[in-house]
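Structural description and commentary
Each chain is listed here by its residues.
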Amino acid sequence: MKKVKWGVLSTANIGVAKVLPAIQKSNNGEVYAIASRNAESAAAAAGKLGIPVSYGSYQDLLDDPEVEAIYNPLPNNMHIQWTRRALEAGKHVLCEKPLALDSSEIVELIKLRDKTGLTVSEAFMVRYHPQWLKARDMVREGALGKVTAVQGFFSYYNVDKGNIRNIKEAGGGAILDIGCYPVTTSRFIFDEEPLRVASVLEHDPESGVDRLASVLMDFPSGQASFTVGTQLVPHQRMNIFGSEGRLEVEIPFNAPPDKGCRLFKGEGGFYPGDQEIFELDVCDQYTLQAESFVRTIRGEQENHVPLEDALRNMKVLEAIFRAGESGRWEDVE
Ligand SMILES: NC(=O)c1ccc[n+]([C@@H]2O[C@H](COP(=O)([O-])OP(=O)(O)OC[C@H]3O[C@@H](n4cnc5c(N)ncnc54)[C@H](OP(=O)(O)O)[C@@H]3O)[C@@H](O)[C@H]2O)c1
């Protein structure tokens, strides 16, 4: 099969550092072109990564007939606009999370996707990682008994005023940047949607973005809760609790591409030695994501993270913001 030629919108750090090297390792795609607002930056990134073509404008990249799929890691507030433009140019799009700032934008994007017949996915790489597939299999098989509680934590320390995470207009803040992960993985594990949410949000007085958030999600089968913070010591963990067992996902989100991930299964003991450890093979979740996306483009499989899923995740994020404002439970619409 001919490899898909990817084009990349911007020299974003996540692309250059992680996603583009991962696509270059994939078995069904190649990074063919990269664009930047600045031609020199594009050429420098292309030179560093061995990408054949570079452009000094995003639109020039979209106009290149050789490009079949776009990877969009622009700031959050630019995701929808450039994903739409890419679809209008006839390209499939893998767009970074969060896909939108407002669920109505995703509703409109679904219409455009259906009109064009192209593939669009929100880049939730965790959803392709074998550790999450195994965790969900264990839950489905009843290995933990009846699962009714999921708990998560995700934090880092970043007070850089110029970083897009600390710029309100760019779609910054903890919920949109990292809260989206425990939301998507909790929905994945319960395999259903939360009915209502409660949340406490604390905002940075200077930037105005939410920097600390604790959320409770009420699912038909149980409860999920998480705390995320952008001015805390870096840490991440997810725990899944059932009537007969507990499963801990050690590095749930930033799973490394060069080390095996671990799941810890406990059945009641309180000490590390009481746990069963599952070591997963080394893999790069961004490579798995890219390969899955290309198989969908080629019609070999269904889309694992379709826009309908992005819409449901966004509706939960919106309810979290509403609950933070109102101080009450808010239904997920
Ligand atoms: N899936 C993951 O693991 C993961 C991890 C980190 C981030 N992300 C997501 O990836 C996206 C990018 O994050 P990042 O940390 O890589 O961001 P970043 O390094 O700040 O990159 C954003 C890029 O957007 C372009 N851009 C265009 N207009 C801009 C503007 N007005 N201000 C700033 N940049 C502008 C710039 O590229 P040019 O100058 O080349 O045009 C810039 O390099 C975000 O949506 C984030 O949520 C995902």
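Residues numbered from 1 in each chain as written. Predicted model: local features only at pLDDT ≥ 70, side-chain atom pairs only at ≥ 80, totals over all residues. Heavy atoms only, no water.

Some points on the domain arrangement of the protein
- Here the protein is described as being made up of domain 1 (4–123) and domain 2 (126–284 + 314–331).
- Taken residue by residue, the interface counts 13 residues in domain 1 and 14 residues in domain 2.
- It is K97, L101 and S103 in domain 1 that bury the most area against domain 2; as a group they hold 38% of the surface buried on that side.
- Linking domain 1 to domain 2 there are two salt bridges. (Domains from an automatic or database assignment. Contact = heavy atoms within 4.5 Å. Buried area = accessible area lost by both parts, 1.4 Å probe. Salt bridge = Lys/Arg side-chain N within 4 Å of Asp/Glu carboxyl O.)

A short note on the packing of helix α4 (residues 79–88) against helix α5 (residues 103–116)
- Across the interface, α4 lies against α5 with an axial gap of 10 Å and an inter-helix angle of 10°. Considered as vectors, α4 and α5 are oriented roughly parallel to each other. The residues of α5 that touch α4, namely those facing I80, T83, R84, L87 and E88, are E105, E108, L109, L112, R113 and T116. (Axes fitted to C-alpha atoms, helices over the stretch in contact; angles between N-to-C directions. Helix = DSSP H or I, 4+ residues; strand = E, 2+ residues; numbered from the N terminus. Parallel < 35°, antiparallel > 145°, perpendicular 65-115°, else oblique.)

Focus: helix α8 (residues 285–297)
- Between its terminal C-alpha atoms α8 stretches 18 Å, which fits the 18 Å expected from 13 residues at 1.5 Å a residue.
- Judged by how many residues are buried, α8 sits mostly within the fold: eleven of 13 residues are covered.
- Of the positions making up α8, those classed as buried are Q285, Y286, T287, Q289, A290, E291, S292, F293, V294, T296 and I297.
- Check the buried side of α8 and you find it contacts β1 (4–9), α1 (13–24), β4 (69–72), β5 (92–95) and β6 (120–122). (Expected span 1.5 Å × (residues − 1). Buried < 20%, exposed > 50% of the residue type's maximum accessible area, 1.4 Å probe, protein only.)

Comments concerning the pattern of salt bridges
- A full pass over the atoms with the stated rule returns 23 salt bridges.
- A salt bridge links R165 to D177, with the nearest nitrogen and oxygen atoms 3.1 Å apart. Taken together, the positions of R165 in the loop between β7 (147–157) and α7 (174–190) and D177 in helix α7 put the pair twelve residues apart, joining distant regions of the chain.
- Judged by its relative accessible area of 9%, D177 falls in the buried class.
- The structure contains a network of salt bridges with shared partners spanning R127, R187, E193, D309 and R312.

Quick word on the sheet that holds strand β3 (residues 53–55)
- A sheet is described by the order of its strands in space; here six strands give the open sequence β3-β2-β1-β4-β5-β6, paired in parallel fashion. Of all strands in the sheet, those with a lone pairing partner are β3 and β6, marking the two edges. Across this sheet, the average inter-strand angle for adjacent strands is 25°, counted without regard to direction.
- Sheet contacts for α8: β1, β4, β5 and β6; angle to β5, the most-contacted strand, approximately 155°. (Pairing = 2+ DSSP bridges.)

Brief notes about the site of the ligand
- Surrounding the ligand, one finds 23 residues, the nearest of these being T11, S36, Y58, N76 and Y286.
- T11 is positioned such that a nitrogen or oxygen atom in its side chain is 2.6 Å from an oxygen atom of the ligand.
- Protein contact buries 79% of the 900 Å² of open area that the ligand shows by itself.
- Where the shell around the ligand is concerned, the elements lending two or more residues are α1 and α7.
- Looking at the shell around the ligand residue by residue, the class counts come to twelve nonpolar, six polar and five charged. (Near = heavy atom within 4 Å. Polar contact = N/O pair within 3.5 Å; in protein donor to acceptor, adjacent residues only side chain to side chain. Areas by Shrake-Rupley, 256 points an atom, 1.4 Å probe, with all protein chains shown as cover. Nonpolar A, V, L, I, M, F, W, Y, C, P; charged D, E, K, R; others polar.)

Brief notes about the packing of aromatic side chains
- Here the structure, examined in full by the defined rule, presents seven aromatic pairs.
- Considering the side-chain rings of Y181 and F253, the 5.5 Å spacing of their centres and the 35° angle between planes classify their relative orientation as tilted. In this pair, Y181 is assigned in helix α7 and F253 in the loop between β12 (246–249) and β13 (262–266), connecting sequence segments 72 residues apart.
- Note on Y181: relative accessible area 7%, which makes it buried.
- Among the aromatic residues, those joined into a ring-pair cluster are F124, F154, Y181 and F253.
- Seen from the ring of W82, R85 lies directly overhead, with NZ or CZ sitting 4.1 Å from the centre.
- Against the face of W329 rests R196, its NZ or CZ located 3.9 Å from the ring centre. (Phe/Tyr/Trp six-rings, centres within 6.5 Å; stacked < 30°, edge-to-face > 60°. Lys NZ or Arg CZ within 6 Å of the ring centre and 35° of its normal.)

So, the nonpolar core
- Within the largest apolar cluster, 99 residues are counted, with the highest numbers of intra-cluster contacts made by W6, L20, W132, I175, M217, I240 and I320.
- No other element matches the ten residues that α7 contributes to this core.
- Both of domain 1 (4–123) and domain 2 (126–284 + 314–331) provide at least three residues apiece to this core.
- Filtering out sequence-adjacent residues up to four positions away, W132 remains in contact with V126, T185, F188, I189, M238, I240, V249 and P252. (Core = buried A, V, L, I, M, F, W, Y, C linked by side-chain atoms within 4.5 Å.)

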